[in-house]
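Summary of structural features
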Amino acid sequence: MKRFFSFCILFAVLSHLFFSVKCFNQAKAKGDIVIGGLFPIHESVIVTVNDDGSENRTCDLFSTARLVQSLIMVQALEEINQKQELGNITLGYLILDSCGEVTTALIQTKAFTRNNCNVSQDSTQQSSPIVLAVIGDYYSEISIAVARHLNLEDIPEMSYGATSGFLSDKTRFPSFMRTVPQDDHQGHAIAQILDHYRWTWVGVVATDGEYGRYITERLRHHATKKGICFAFTSVLPDALNDDSREERINSTIKSIIDNRNVSVIISFAKAYHMIDIFGKLLKYPQGRGKVWLASDIWSQSPEVLSSQNYNLSDVGTIFGITLKSGNTTKFERYLDDLDENPNHHENNTFLSNFLKEHGTNSSEELKKMIYPYAVFSIELAVKAIAQAVKDLCTNRNCKTQSLRPLELRRALRKATFHMEEKSYSFDHHGDLNSGYDIILWKQTQNSLDVNNILAYYSIEHQSLTFTSQETQQALQSHIGNVTSKCTDSCRPGYRKTSVTGQPSCCYQCEPCAENQYSNTTDSEKCHPCKENYYSKNTSSVCLPRKTDFLKWGDVYLIVLLSFTSLGAVLTIVVGIIFLAHWNTPVVRSSVGPLCILLLLSLMITFTSVILFGGQPNSYQCQARQVVFGLSFTLCVSCIMVKSFKIVLAFEFDPVIQSILKKLYKPYLIVTVSMAGQVVIVTTWLVHGPPYIDSEITQDNMELMFCNEKLIPAFGAMLVYIGLLALICFGVAFKGRKLPDSYNDAKFITFAMLIYFISWIMFGPVYVNVTGKYLPAVEMVVILISCYGILFCQFFTKCYIILCKKEANTEKAFRCNIRNYSMDHKGSEDERSSNRVENPHLSVSVESQDNWNSVTLPCVSSNSLFPVSKS
């Protein structure tokens, strides 16, 4: 306490020596408990220096709005006393003028601390009682200084407008509380408004005080997260009497005019700053038609335009962020009932001087300057103090046992107070997060309406809520065409890319590549299309990718399947013909079981063609090559056995005939041949089976196909069949000069030539053909091979059976053999000898079912289609 008295004496001496404040106005009323009030009723100070070096400080720029705010405090205290909300305890007040300047505010604050620091220069006047709490100041810069001073005696300061976030630090400002939220929330609310309307390139005007620096930094923090950049930041002197004020305002005007892409400007300046800015800016056409976002410090100050020769349409659009509004009805009635006789307000020299100047129209002038947010915040501050006093005085007599400021501060931090049927309390920072109102200025016929609420911002939910859908639509139509961007927006189908050396808001637009899209304006990136979707360049949407394959309805597949069906039907018909004429020489010479096996393999090969059409699946991919490979191997194996048998029957060299006879094991040959192919396809299916694959075509379709995967195995399967065919070809070629009735070797040779030619052509065509018709290439080759065997091996026999029945006799067979023997042996003895040595040449109808006894069919020499020997 001694330290405080030393400070107070020192401060008083220095103030007396160096400072003289020509502003003796105050408002006061007696009470059991006195509440201090500090309001910037004047917005500036004129400082003059005396000859002795001392300063004279004269308060300047009277503010009617701040006078009205002091009267809100008076009305709220008087209402509590009238309603006796505190019983027999009355609340008094001492309201002083901070003049909007820190030094003056500190000088005035001496009256709140101790009686011997009273600023009153009337020595005969009794000292005012010590105050237990102070309501004010409005400005953060002043509140920070005053809070440090008041904390020396633990006097709680409760601001109704100081919103700087620094004041939330209870370590440095334990006595400070406020009925308004701190500016971090306001910065977040402004960032949401900018983001809502996609304004990303904005200008900022602020002051160099604590309020301006802090809220600019918090706005930058929240705006950056939403991709919003500052095109310029103009800083004005916080003090209105600063010598550099004019220069900095001119610099601000230049920044606004030069940045033509900036249509939206956020201003944290004071109302008097804005008067100067609009007064100069609106002289330039480039400075008109802007969108201004006014912070709470001037958002309800219509005087920024009322003193100009311009109206709102010249400025453009003004949004306002205001503190939560209160009900002004009760206070308006208070002003209506106000006694306009100045002599009746000697205790309130501020009001008395105002009434003297404005006369009988004073009440109306005061009502014009009611700020709804001030009604709410100041009344709430009074309610909080009253509730804390009530809580403390419940169990003690506060008339006889005085309260101490520290007690009241602690009670305030715990108090729950009520206003308009709602409950409020301070958080652990001493803040009251009541939220914000978003207003839009409107030009009426005679005045400006600055109380038109568009939306509410909830701090708890960090969300913006419009008052109605109609309001939102009306606002959208009003500013829907306003853009504030560094560069034009990137349309859907493009993405933003940064430009070296430029802010993130200044970007260029790059088109989305194929199979990527962006469906929003100013998209940060292009998104890849989902599986089975595609897009072209600069696409804003992905389209379902159509699957492509050899469909059943495709005309080419229909043609191929028609030939497949025809081949299968012909194979069945041949089989039926052979079974119906089973005992005829032509059928018996074909060796029935081997013939039927050959027809069965052809039937399966025709059927395998079907597996190459339609939408592929895993089973189909694995089955089609395996079925074809095994069935065609069986077919060629049977033909190979027939080739061997023909050569064996007409081989007259005893040594060669003996060797061939030992090697001729028909079923064993077929089995061994099939076993080799089984090994190949089994290895293929085990180590790398075919599977469904897909690729994207040039027309962005997904081509589905069977990937053979293990190409060497696929090649080995075809090479193996080709090797068997080559053996058939070689053996059959050797027997090409047999009798006409045994010219089956010629047809085998011709069938194998067809096979070789078709599959040799298949290789390069298969490699070069792409798309859905690739399976059709193999289908064509398979059909050509099958038809070649079917025609060459069976149609000639069917022709003889059905159309040349006279050639299907044993007599015709013997005749043909006799003629061949005479041509090749020269004498009947040699022919008889060879016939004895070669029992396979004897015609034995009885041994028709014995594979080692060959029956030789014979037709007349003029037969058009001689049959082949089996």
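See the structure printed just above.
Because the structure is a prediction, the values reported are computed rather than measured.

**Points about the overall build of the chain**
Assigned secondary structure in the chain consists of 27 helices and 30 strands. Looking at the chain as a whole, 54% of its 870 residues are labelled buried. Look at the contacts in the chain between residues 6 or more apart in sequence, and 70% of them connect residues 24 or more apart. Carbon and sulfur atoms make up 54% of the accessible area of the chain, which totals about 38900 Å².

**Notes on the sheet that holds strand E29 (residues 691–696)**
Taking strand neighbours across the sheet as the criterion, the 3 strands line up as E28-E30-E29 in an open arrangement whose pairing is mixed. What marks the edges here is a single partner per strand, and that holds for strand E28 (547–548) and E29.

**Some remarks on the pattern of salt bridges**
Enumeration according to the criterion identifies 30 salt bridges in this entry. Two residues, Asp32 and Lys399, come together in a salt bridge whose shortest N-O distance is 2.8 Å. Placement of the pair is Asp32 in the loop between strand E2 (27–29) and strand E3 (33–39) and Lys399 in the loop between helix H14 (372–393) and helix H15 (405–414), with a sequence separation of 367 residues. Among the residues examined, Asp32 registers a relative accessible area of 37% and is labelled partly exposed. The class for Lys399 is partly exposed, based on a relative accessible area of 41%. Where Lys330 meets Glu79, a salt bridge forms, and the shortest distance between an N and an O atom there is 3.3 Å. Here Lys330, found in helix H11 (residues 329–336), pairs with Glu79, found in helix H2 (residues 64–82); they are 251 residues apart in sequence, far enough to count as distant. Relative accessible area serves as the criterion here: at 12%, Glu79 is assigned to the buried category. Salt bridges linked by common partners bring Asp548, Lys551, Asp554 and Lys772 together as one network.

**Side note on the nonpolar core**
In terms of nonpolar packing, the biggest core is built from 148 residues, with Met73, Phe278, Trp292, Trp298, Ile318, Phe319 and Trp441 touching the most fellow members. Non-local contacts of Ile318, meaning those with residues more than four positions away in its chain, are made with Phe278, Trp292, Ala294, Trp298, Leu305, Leu312, Ile439, Leu440 and Trp441. By size, the runner-up hydrophobic cluster in this structure holds 75 residues, among which are Leu550, Phe628, Val777 and Cys792.

**Observations concerning the state of the cysteines**
Under the counting rule described, the total for this entry stands at 8 disulfides. A disulfide bridge connects Cys59 with Cys99, and the sulfur atoms are separated by 1.9 Å. Torsion about the S-S bond of the Cys59 and Cys99 cystine: about 75°, corresponding to right-handed handedness. With Cys59 in strand E5 (residues 55–62) and Cys99 in the loop between strand E6 (91–97) and helix H3 (102–113), this pair connects stretches of sequence that are 40 residues apart. Overall, Cys59 belongs to the buried group, its relative accessible area being 12%. Shown here is the disulfide that connects Cys529 with Cys542, its sulfur atoms set 1.9 Å apart. Between Cys529 and Cys542, the disulfide has an S-S torsion of -75° and is therefore left-handed. With Cys529 in the loop between strand E25 (527–528) and strand E26 (533–534) and Cys542 in the loop between E26 and strand E27 (543–544), this residue pair connects regions lying 13 residues apart in the sequence. With relative accessibility at 15%, the residue Cys529 sits in the buried group.

**Some details on the packing of helix H17 (residues 555–580) against helix H25 (residues 774–803)**
Contact geometry of H17 with H25 gives a least axis separation of 10 Å together with a crossing angle of 30°. Between H17 and H25, the angle is such that the two are roughly parallel. Taken as a pair, H17 and H25 cross one another with a handedness that is left-handed. For the pair formed by H17 and H25, the contact residues are Leu557, Leu560, Phe563, Thr564, Leu566, Gly567, Leu570, Thr571, Val574, Ile577 and Phe578 on the first element and Ala776, Met779, Val780, Leu783, Tyr787, Leu790, Phe794, Phe795, Lys797, Cys798, Ile801 and Leu802 on the second. Of the residues assigned to the contact of H17 with H25, the class counts are 19 nonpolar, 3 polar and 1 charged.

**Brief notes about the packing of H2 against H11**
Viewed as axis vectors pointing N to C, H2 and H11 meet at an angle of 95°, and their least axial separation amounts to 11 Å. One element, H2, and the other, H11, form an angle in the roughly perpendicular class. Facing H2, whose interface residues are Val68, Leu71, Ile72, Val74, Gln75, Glu78 and Glu79, H11 presents Lys330, Phe331, Tyr334 and Leu335. Tallied by class, the residues present in the contact of H2 with H11 amount to 7 nonpolar, 1 polar and 3 charged.

Conventions adopted
Residues numbered from 1 in each chain as written. Predicted model: local features only at pLDDT ≥ 70, side-chain atom pairs only at ≥ 80, totals over all residues. Heavy atoms only, no water. Helix = DSSP H or I, 4+ residues; strand = E, 2+ residues; numbered from the N terminus. Buried < 20%, exposed > 50% of the residue type's maximum accessible area, 1.4 Å probe, protein only. Contact = heavy atoms within 4.5 Å. Areas by Shrake-Rupley, 256 points an atom, 1.4 Å probe, with all protein chains shown as cover. Pairing = 2+ DSSP bridges. Salt bridge = Lys/Arg side-chain N within 4 Å of Asp/Glu carboxyl O. Core = buried A, V, L, I, M, F, W, Y, C linked by side-chain atoms within 4.5 Å. Disulfide = S-S within 2.5 Å. Axes fitted to C-alpha atoms, helices over the stretch in contact; angles between N-to-C directions. Parallel < 35°, antiparallel > 145°, perpendicular 65-115°, else oblique. Left-handed = near helix turned anticlockwise from the far one by under 90°. Nonpolar A, V, L, I, M, F, W, Y, C, P; charged D, E, K, R; others polar.

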